[in-house]
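Observations on chain architecture
Residue-level listing of the chains:
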Amino acid sequence: MFSFCVIISSVSLVLAQETLITYNILEEQGELTYVGNVARDSFLYQNYTELFPQMKFQILTQGNLFASMFTIDESASTLRTGTKLDREDICPYEPKCVLNFNVAVYLKDLNTDVLDLFKIIKIQVFLDDINDNTPEFPNSEITMAISENSEVKKAYFTPGAFDLDTGANNSVQKYVMDPQNEMFGLELLRNLDGTSDLNIVVNYPLDRESRSFYQLYIYAIDGGFPVRTGSVKINITITDQNDNAPIFTKTQYGVTVEENTPINSTILIVTALDADADDNGNVSYRFSSRTPSKVKECFNIDITTGEIKVKSILDYEDKKNWTFKVEAFDHGNPAKTSTCTVVVTIRDTNDNYPQININLPPGGPKISEAADTGHFVAHLVVFDHDEGVNGEVKCKVLGDDFRLEDFKIENNFKVVLNKPLDYEKQDSYEVTVECEDGGSPPKKNETSISVKVEDKNDNYPEFLFDVYEQTFQEEVFQSIIVQVSATDADSGELGKVTYGLQSNTDPRFKINSKTGLITANSIFDREVDPIIIFNVLAWDNAEESLTSTATVVINVTDINDNAPKFPSNPVEIYFLEEQQAMQTQNLNVTDPDFGPNGQFDLIFPKNNYLLEYFHFNAITGEIKTLKPIDREEIAYFKFMVKAVDRGIPQLTSTAEVIIHISDSNDNIPAITYPNNGNNTKFVPVTSPVGFYIATVVASDKDDGLNAQLLYFIDEGDDRELFKIDVNTGIISVGREMTEKDAEKYKLQLAVRDNGTQQRTSYATLHVVVQPANETSLMNVAEENKQNIMLVAIFVAITVFISIAIISSIFILRYVDKRNRARTPPKINENRFYDAPPRIDESMSATSSVSKDSDTELLKKRAKKEVSFSIDEDYSDPGNNSTLTNVTSFSTVKPSYLSMDFKSPEDTQSSTWLCNNTMSSDMSKQDMYSEKELSSLTHSQLQNGLHHIAGGNSDRLWLQPVREEESKHMMKRADDNHSETSHETATSDSGRGGSEEDIHSNRGHPLSDTAILYQCYV
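Since this is a predicted model, take the numbers as computed values, not measurements.

All chains considered together, the criterion is met by 26 aromatic pairs. Centroid distance tyrosine 106 to phenylalanine 376: 5.4 Å. Interplanar angle 50 degrees. Geometry classified as tilted. Note that tyrosine 106 is positioned in strand β7 (residues 98–108) and phenylalanine 376 in strand β27 (residues 376–383), a separation of 270 residues in sequence. Residue class for tyrosine 106 comes out buried when judged on its relative accessible area of 0%. Relative to tyrosine 468, the ring of phenylalanine 465 has its centre 5.5 Å away and its plane inclined at 85 degrees; by these criteria the two rings are edge-to-face.

Structure below.
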């Protein structure tokens, strides 16, 4: 087993990108013998530690004669022998054996895994000799003839041994003759090429008669370990005479020839002369027995003339100089020889074409279509064995798809991408590189590599249409909807398309993932889905797939399967009262059908009273006000509307419409207690905290929050003796009182509504806090006084009302009798009867609003609520048994008037109902005051009833209401047990009455009684 030694030296950057590493290794090492680590020995690892994991190493085989003899780990960069290396085979006859090759370093892009040429490292391996060859003589046995008259010390030439090993130790170091110190000796001849020859020297005079034959052994010994020895046997015959050996005219011949010299051309003639005569002087020529076989392959020598001719093509680039031995010998017996040296120098001519070698990166000649310009494709190295300008080379790439970049190492280039690639347009390229030398004429050479373009998933699937549109009639079963189709220009799996629906697609739809056929198996309703739009997806089968989208539009045509639709039944809309500007609302009737099926007309009541207030649009359903409406007069309108579509067949629907008049807070609160006639309360000083004093009574004709009242004490309670409930208006003792608090207090009370813009009324209440000793006497006197006043008022009102009722009955009977004698007049169905207007005077003299304003507000007519209806059956107005019109009249404010339309189409046979009957639980603020009632004369009552009857006075009579109903409607809540006054009060709060109340009969039981009449027409 041989040991080996590796010596490393590094020369950094011979050129900008070139690094040289030198290794020494012994020959005859086995396969995969470690040589070195390129990355470490070139300091690449130390200088680019972070980039090292991205590096790939490769031996450039093209253009490197010895590259195949080594292998390298592409990741670790470990360099090893690829085969057993024999120095004598690789570098025969060479004193030094140097193996040169290059290692390419590629850098991988982490994003694309593409390799780019990063660096080229030159490797120089010196293959060192070991003593593995034995010295050999040209022949194992040599026969020589020596004349017996040869002089002592005369030398006779014989070739020496040749050892394929080199170096000071492994080559032939000495020769030994056996036997020694006898008739012949041995002389060593050193040649210029490092070899040696021998001379056999005559030591003593020869005598053929004494001994005619000698046999000697010459041993050649090298200096290696172990020592190797070669031998030759020399047979010497002693002859008579041949005294002279041939002599060359020159000891060394030299000639320079062109490398393109033709074969069989004579390039040199060697000449030798021999002084002997006859055969002893006849000279012939031959190559020395030690001449290398390669010389004999290239040259030939004429045995007779000594002409040296070209036997094969001489190549300057293969060998620039040839040196060999030529022997001249005569034909004596024994023959005599002499030698000369011949040196042939080869002159370079431009006979070599540039040699182009392309080294491909790991993975071969392929490139992704997504590669950027400048992307590395291959490494190019060019050789031209000519010298000078003949060896200067210029290269280029034919075409403009690729280009060459100088790698900053002589004759090394990078083939890189010059333009973007598109696999779909061209999937391969034939890249041709042309190189030309500088000779005259220049020689060109070219070579090509086939570059495969790798398909990248750079194409989205493309649908045949962006929008697929289909039309179906509603309520018809559908199975197959549409088939979509998409193609992908990419190849292989990258171009295979799969179909799907977007995640939010209606679950009724399904799609075949391979064919793109969309099915539904469903019935469609245009009113639910007039247009169905969803997206279809197509994606390829790449790892990172690309997706395209197409839109499917399904139009569902209409049939008249829906009637017009009101938003609700009843339809309630709102208008603001007292608005001068026109207001507009819409019934918002819809028909989900399409076209004529969804178009409709509205039929409104043809009533003059409605048309006085509103304009109706039969097409749009718009309702406009024509004049201001007072909510306190009319609270709402009620009527029927029919909608008829224009489809075939026609469909209709009907709804009740209620128009509400919204309150606008146009009334101020009206305070009925305290008032000018009743505004004083007496409170004992001993009253406890919370002792009830009085209740503020007020009302507001507005509605909702505008009528919600809040009660406050604004002034007069500086000592904070009293408190008032803000919601109920109850005034009570607020703190414990002492004798110092016994005096008269003037409280200014404020009543505010809860509207957006609050309105306020004021009243004054006198509270007398009595000392403890005066309270009892005053209570008794006050109680007697109030009882007398109540009795007087009740009697007066009873007498007055009785007279009025009797007079009215006589008048009505007279009119009815006169009307019966005449032909009944035609009833005006469109007439609407209003209740007589009512004048309501304020009970408070301390209101903060002006007198004119109060008068205007208090003169508003009684609140009306109006509805309309139309009966299909007309009743005979002359038939007294049928109540065609019924009107109730009372001294209270009417609550509502109603007209109900039974059919919007028929307005000629209408029956009108005006119902002003007062409910039993009517609030007190709706009553006429006693003063207003007493001021009505018999004539005024007659005129009011005549107005209610609409002019038909001859058909009007009165019928008293049942006594039980009258008593129920006139019932008042009296508080006769006031702890303050112990008197019977005229209000429901239990407060005492003033002296003015007693004189005006406010305490009479009839003063608050409502007189109710029913009028039949």
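Following the structure, the description resumes.
To continue, consider the pattern of salt bridges. Evaluation of the coordinates by the stated rule reveals 29 salt bridges. Notably, a salt bridge pairs arginine 752 with aspartate 714, separated by 3.4 Å at the nearest N-O pair. Placement of arginine 752 in strand β56 (residues 744–753) and of aspartate 714 in strand β53 (residues 709–715) is noted, with a sequence separation of 38 residues between them. Its salt-bridge partner being arginine 719, residue glutamate 743 comes within 3.1 Å of it at the nearest N-O pair. Linking glutamate 743 in the loop between β55 (730–733) and β56 with arginine 719 in the loop between β53 and β54 (722–724), this pair joins segments that are 24 residues apart in sequence. With relative accessibility at 35%, the residue glutamate 743 sits in the partly exposed group. Connected through salt bridges with shared partners, the residues Arg719, Arg735, Asp741 and Glu743 form a single ionic network.

Below, the discussion takes up a nonpolar patch on the surface. A cluster of nonpolar residues, Val791, Phe794, Val795, Val799 and Ile803, forms a patch on the protein surface that exposes about 440 Å² of accessible area. Looking at the element boundaries, valine 795 is found in helix α7 (residues 775–820).

Looking now at the sheet that holds β55. Read across the sheet, 3 strands follow the order β51-β55-β54 without closing on themselves; strand pairing throughout is antiparallel. The sheet is open, and its two edges are formed by β51 (692–695) and β54, each paired on a single side. Pairs of neighbouring strands in the sheet enclose a mean axial angle of 20 degrees, with direction left out of account. With 3 bridges connecting them, β54 and β55 associate as antiparallel partners. For phenylalanine 722, the partnering residue across the bridge sits in β55 and is valine 733.

Another point: the state of the cysteines. Tallied over the entire structure, the rule returns 2 disulfides. Through a disulfide, cysteine 91 is tied to cysteine 97; the S-S separation comes to 2.0 Å. Looking down the S-S bond of the cysteine 91 and cysteine 97 bridge, the torsion is 60 degrees, so its handedness is right-handed. Here cysteine 91 matches cysteine 97 in class, with each residue buried. Disulfide pairing places cysteine 395 opposite cysteine 435 at an S-S distance of 2.0 Å. On the S-S bond that ties cysteine 395 to cysteine 435, the torsion sits near 110 degrees, and the link is right-handed. Of the two residues, cysteine 395 is situated in strand β28 (residues 393–397) and cysteine 435 in strand β31 (residues 428–437); the sequence distance between them amounts to 40 residues. Take cysteine 395: its relative accessible area is 18%, and that puts it in the buried class.

Cut-off values and rules
Residues numbered from 1 in each chain as written. Predicted model: local features only at pLDDT ≥ 70, side-chain atom pairs only at ≥ 80, totals over all residues. Heavy atoms only, no water. Phe/Tyr/Trp six-rings, centres within 6.5 Å; stacked < 30°, edge-to-face > 60°. Helix = DSSP H or I, 4+ residues; strand = E, 2+ residues; numbered from the N terminus. Buried < 20%, exposed > 50% of the residue type's maximum accessible area, 1.4 Å probe, protein only. Salt bridge = Lys/Arg side-chain N within 4 Å of Asp/Glu carboxyl O. Patch = residues over 30% accessible without salt bridge, like charges linked within 9 Å, V, L, I, M, F, W, Y side chains within 5 Å. Areas by Shrake-Rupley, 256 points an atom, 1.4 Å probe, with all protein chains shown as cover. Pairing = 2+ DSSP bridges. Axes fitted to C-alpha atoms, helices over the stretch in contact; angles between N-to-C directions. Disulfide = S-S within 2.5 Å.

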